[in-house]
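# Fold and geometry: a report
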Amino acid sequence: MRTARALPGGKRLSWALVGLSVVSALTPMTSGSHATASTDLIGGGKESAKYRYRGSEKCFMRKVNRVRASHGQRRLNWDKQLGYVARRHARTLANQGGVWHDQNLGRRVTRWRTLGQNTGAGGKCRRLFRSFMASAPHRANILGHWRFIGVGTKWKGHRLYVQTIFESRRNPGNVWSWP
């Protein structure tokens, strides 16, 4: 099920809801979270210079770009602003042990035109990515008309929580001005 909602200024917010057995619940395309105030960044001062994607986050972004290339789609640029928003949501999911869309995504990401999200939890990157590709709405996001991607992950026990955000505009920014 895909739903789109028109917002003032020509912005489009869309989402889909899907459950899979491998992943307790997967949910793509945009909107709401309960973000925590702490960060996973090290050090003080110029922390934005120290922001780095984790291995599991890079894994998802590489897999998305490989699949897109194999389908004749342009590669997506990695965006740290989107990644930071995604990481905060993934951490909240892990801390609360559930999976849901960030219903406030359109308020957390700034200067956006069109947003999409895939949210899930399960095993390692490879297996979870296959679950996303097996779901029509998630696959539509992965192969959609985006230009930028940000991924946030958080391990809790043997479960990987992931939030993938897709956006069609460069450097959208976020309400935290990070990283």
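Report follows, based on the coordinates.

Let's shift gears to the state of the cysteines. Counted under the stated rule, the structure contains 1 disulfide. Across the disulfide, Cys59 is cross-linked to Cys125 (sulfur-sulfur distance 2.1 Å). Across the S-S bond of Cys59 and Cys125 the torsion is about -90 degrees, and the bridge reads as left-handed. Here the residue Cys59 occupies a position in helix H1 (residues 55-70), and Cys125 occupies one in helix H4 (residues 125-134), the gap between them amounting to 66 residues.

Another point: the side chain of Gln163. With respect to the helices and strands, the residue Gln163 is situated in strand E7 (residues 159-167). Owing to a relative accessible area of 0%, Gln163 belongs among the buried residues under this scheme. Within the local environment of Gln163, its side chain forms a polar contact with the side chain of Thr119, the two groups lying 2.3 Å apart. The contact partners of Gln163, leaving out residues within four places of it in the chain, are Ala86, His89, Ala90, Asp102, Gln117, Asn118, Thr119, Gly150, Val151 and Gly152.

Conventions adopted
- Residues numbered from 1 in each chain as written.
- Predicted model: local features only at pLDDT ≥ 70, side-chain atom pairs only at ≥ 80, totals over all residues.
- Heavy atoms only, no water.
- Disulfide = S-S within 2.5 Å.
- Helix = DSSP H or I, 4+ residues; strand = E, 2+ residues; numbered from the N terminus.
- Buried < 20%, exposed > 50% of the residue type's maximum accessible area, 1.4 Å probe, protein only.
- Polar contact = N/O pair within 3.5 Å; in protein donor to acceptor, adjacent residues only side chain to side chain.
- Contact = heavy atoms within 4.5 Å.

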